[in-house]
Structure formats: C-alpha cells, structure tokens
Amino acid sequence: MDAVFKALADASRRKLLDALHINNGQTLGELCKHLTMTRQAVGKHLALLEAANLVVIVWQGREKLHYLNPTPIHEISERWIGKYERHRLQALADLKKRLEEKP
Amino acid sequence: MSTPSKFVYVTYIRTTPAKLWQALKEPEFTRQYFFSTWQDCEWKVGAAWKIVTPDGGVADSGEVLEIEPERRLVLKWRSEHRPEAHAEGYSRMTYDIEQEGNDVKFTVTHEIDVPESKLIKGVSGGWPMILSSLKSLLETGEALDVTKD
C-alpha cells in the first residue's frame, strides 16, 4: 500500500493516470504528449506506477500499451469505507492475519 | 481516434492457482463475491456460459472460447440485461492466472471491438469491487459486503 500512496503523491504521475482514465491503453510516445518532460522521465514515472500495480503493461505486437488499473485504489477505499463496521472488520483482519501467518 | 474498448485489471492474491480456479467457477464461491450470482456452464471449449441472478434471470451469456485449468479462461460475453450493452454484441473476457512467489497474479481483461463501449463502461465499475471481494474471500474467508447483494 505504501507503493500506491508514493506513486499517487506526484502531480505528474496523477496526470498520467488521468490521461489513461480518459483514453486507456496508450504507448509511451502518446503519454509523453501530456507532459512537458523528457521521454526518459515519463518512462521512470510509468515504471513507478507499474511497480505500484496502478498501471498494467500489455504488449500488442511490438507496441507496449499502458492500462490504468484502479484495483489497488479500490482496495484503499474499502479499507476506510468499512471503518464504521469496526468490530466486524477487526475480526476479519485477525482472521486474515492468522491465515497468512501459517507457513 | 477510434479504438476498441478494453480494460485490464490486476490483483495479487495470497492463495494458490487451484483455489482461485475453484473460486472462479463454483457457485458457492461466486455467490459470495459476484453479486450473489452463479455461472451455468460445463466448462469446456464451445460450452454455453451464462451468469444467473438470484431471481433466476440471466445477466450475461456467451460461450467458452479457451479453457486451461488453473491458468486461463476466455469467454465470449454479451450483456443480457442492459439493452444498450446487449446491442453491441459479444465482448471477450479473459482470466489469466500466474503464480508469483507466494501470491497469485490474477488478470482480468475485458474487451470489445466497439469504440466508447457501453458494455465495457458498465462492467469496468463492477470488476474492481468483484476483484477486491474475491481477494478478501480467498485471503480471509469472508467476501466484502458490497458484493453480497
């Protein structure tokens, strides 16, 4: 989850996500048009977004297309939307912790 | 630019490909994370496939195009309950399952050769909820409330 917040804590990266939200599945070249920075810098931002699972790469022939993946953001919202069911959520969190601790 | 409509969603789940595969097919699992629905299908290439709602209606229908247990499933998919989406015809939905360390990388790709597709726009909101709930179900034994009804 740290990776997601770190990735989102930058205006340029949010702009890239916005661009994909409007038009999903763009190449690096297409995405460069949205930002006034070098292709290399845009590539670095995209790599960070990919590491956070916010951007997914799909190869189409020799073209590398970038897709917005909102699943991690949804998981963050679930975390706090459920806040008011504290008791039940605590039980679930404990269960998850117990299950994942097993070797 | 007129392009086909497509989305690719990925989630990492602390489970095994076998457990995920079972959760994707079996009604007792899908009823928990897929808005109380179940799938009527024989799970072989060419078999008819449909999503059945709790009242017995059919939400979506299609056919199995590819099936590779615990690895990949490709469905021909048409909406049956939204006229605008139904009119667009068949889309293509793919599940890809890959083991990555202790996690399973689960990818859902849904695409249709229609620009600005109503079907893709409609399902693109539902899939993140379904994926989060499926992840929760497999990791904790409980699905999320949001997908139970």
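Predicted model only: the values in this text are computed from it and were never measured.

Q: Sorry if this is basic, but what is going on with the overall build of chain A here?
A: In terms of helices and strands, chain A carries 6 helices and 2 strands. Start at the N end of chain A and walk to the C end: the helices and strands fall as α-α-α-α-β-β-α-α. Within chain A, the fraction of its 103 residues that count as buried is 36%. Here the contacts in chain A between residues at least 6 apart in sequence split such that 49% fall between residues at least 24 apart. With an accessible surface of roughly 6800 Å², chain A has 56% of that area assigned to carbon and sulfur atoms.

Q: Looking at this structure, how should I read the environment of Leu16(A)?
A: Residue and element names in this part refer to chain A. Along the chain, Leu16 turns up in helix α2 (residues 11-22). Overall, the relative accessible area of 0% leaves Leu16 in the buried class. Here the alpha-carbon distance between Leu16 and Leu49, two residues 33 residues apart in the chain, equals 9.2 Å. Residue contacts for Leu16: discarding those within four places in its chain leaves Leu31, Leu35, Val42, His45, Leu46 and Leu49.

Q: What's the story with the pairing of strand β2 (residues 63-68) of chain A in this structure? I'm lost.
A: Taken residue by residue, a regular strand's side chains alternate between the two faces of the sheet. Residue and element names in this part refer to chain A. Two elements, strand β1 (residues 55-60) and β2, share 6 bridges in a ladder whose sense is antiparallel. For Gln60, the partnering residue across the bridge sits in β2 and is Glu63. The turn linking β1 back onto β2 is made up of 2 residues, and Gly61 within it adopts a positive phi angle of 65°.

Q: Where do I start with the packing of α2(A) against helix α4 (residues 39-51) of chain A in this structure?
A: Each packed pair of helices is defined by two parameters, the angle between the axes and the distance between the axes. All names here are of chain A. Packing of α2 against α4 brings their axes to within 10 Å, and their N-to-C directions diverge by 75°. Compared by their axis directions, α2 and α4 come out roughly perpendicular. For the pair α2 and α4, the contacting residues are Ser12, Arg13, Leu16 and Leu17 in the first and Val42, His45, Leu46, Leu48 and Leu49 in the second. Tallied by class, the residues present in the contact of α2 with α4 amount to 6 nonpolar, 2 polar and 1 charged.

Q: Quick question: what am I supposed to make of the packing of aromatic side chains here?
A: Here a ring pair, both rings aromatic, is described through the centre-centre distance and the interplanar angle of the planes. Residue and element names in this part refer to chain B. Under the defined criterion, the tally for this structure stands at 7 aromatic pairs over all chains. Both rings, one in Phe34 and one in Trp127, keep their centres 5.6 Å apart while their planes meet at 90°; by these two values the pair is edge-to-face. Taken together, the positions of Phe34 in the loop between α2 (27-33) and β2 (38-41) and Trp127 in helix α4 (residues 118-140) put the pair 93 residues apart, joining distant regions of the chain. Accessibility expressed as a relative area gives 12% for Phe34, which makes it buried.

Q: Would you explain the domain arrangement of chain A in this entry?
A: It is common to report an interface's size as the accessible area lost on association of the parts. Residues and elements named next belong to chain A. Splitting chain A by domain gives domain 1 (2-69) and domain 2 (70-103). Listed by partner, the interface residues are 7 residues for domain 1 and 6 residues for domain 2. For the domain 1 and domain 2 pair, buried surface summed over both sides reaches about 520 Å², with 80% attributable to carbon and sulfur atoms. Contact with domain 2 buries area across many residues of domain 1, yet Val4, Phe5 and Asn69 alone supply 64% of it, more than any other trio. Viewed at the interface, domain 2 and domain 1 are joined by 0 salt bridges. There are 1 residue pair in polar contact (both at pLDDT 80 or more) connecting domain 1 and domain 2. Of the residues assigned to the side of domain 1 that touches domain 2, the class counts are 5 nonpolar, 2 polar and no charged.

Q: Please explain α2(A) as it appears in this structure.
A: Along an α-helix, residues three or four apart share an orientation, since each turn contains 3.6 residues. All names here are of chain A. For α2, built from 12 residues, the straight-helix expectation of 16 Å at 1.5 Å per residue is met to within 8% by its first-to-last C-alpha distance of 16 Å. By the burial criterion, the buried members of α2 are Ser12, Arg13, Leu16, Leu17, Ala19 and Leu20. Each buried residue of α2 lies within a common arc of 155° when the element is viewed along its axis, so the set occupies one face. Across from the buried face of α2, at angles greater than 90 degrees, the exposed residues are Ala11, His21 and Ile22. In this structure, the buried side of α2 is in contact with α1 (2-8), α3 (28-32), α4, β1 and β2. With a side-chain oxygen lying 2.9 Å from the backbone nitrogen of Ser12, the N-terminal cap of α2 falls on Asp10.

Parameters at a glance
- Residues numbered from 1 in each chain as written.
- Chains lettered and ligands numbered in written order.
- Predicted model: local features only at pLDDT ≥ 70, side-chain atom pairs only at ≥ 80, totals over all residues.
- Heavy atoms only, no water.
- Helix = DSSP H or I, 4+ residues; strand = E, 2+ residues; numbered from the N terminus.
- Buried < 20%, exposed > 50% of the residue type's maximum accessible area, 1.4 Å probe, protein only.
- Contact = heavy atoms within 4.5 Å.
- Areas by Shrake-Rupley, 256 points an atom, 1.4 Å probe, with all protein chains shown as cover.
- Pairing = 2+ DSSP bridges.
- Axes fitted to C-alpha atoms, helices over the stretch in contact; angles between N-to-C directions.
- Parallel < 35°, antiparallel > 145°, perpendicular 65-115°, else oblique.
- Nonpolar A, V, L, I, M, F, W, Y, C, P; charged D, E, K, R; others polar.
- Phe/Tyr/Trp six-rings, centres within 6.5 Å; stacked < 30°, edge-to-face > 60°.
- Domains from an automatic or database assignment.
- Buried area = accessible area lost by both parts, 1.4 Å probe.
- Salt bridge = Lys/Arg side-chain N within 4 Å of Asp/Glu carboxyl O.
- Polar contact = N/O pair within 3.5 Å; in protein donor to acceptor, adjacent residues only side chain to side chain.
- Expected span 1.5 Å × (residues − 1).
- Arc of directions from axis to C-beta.

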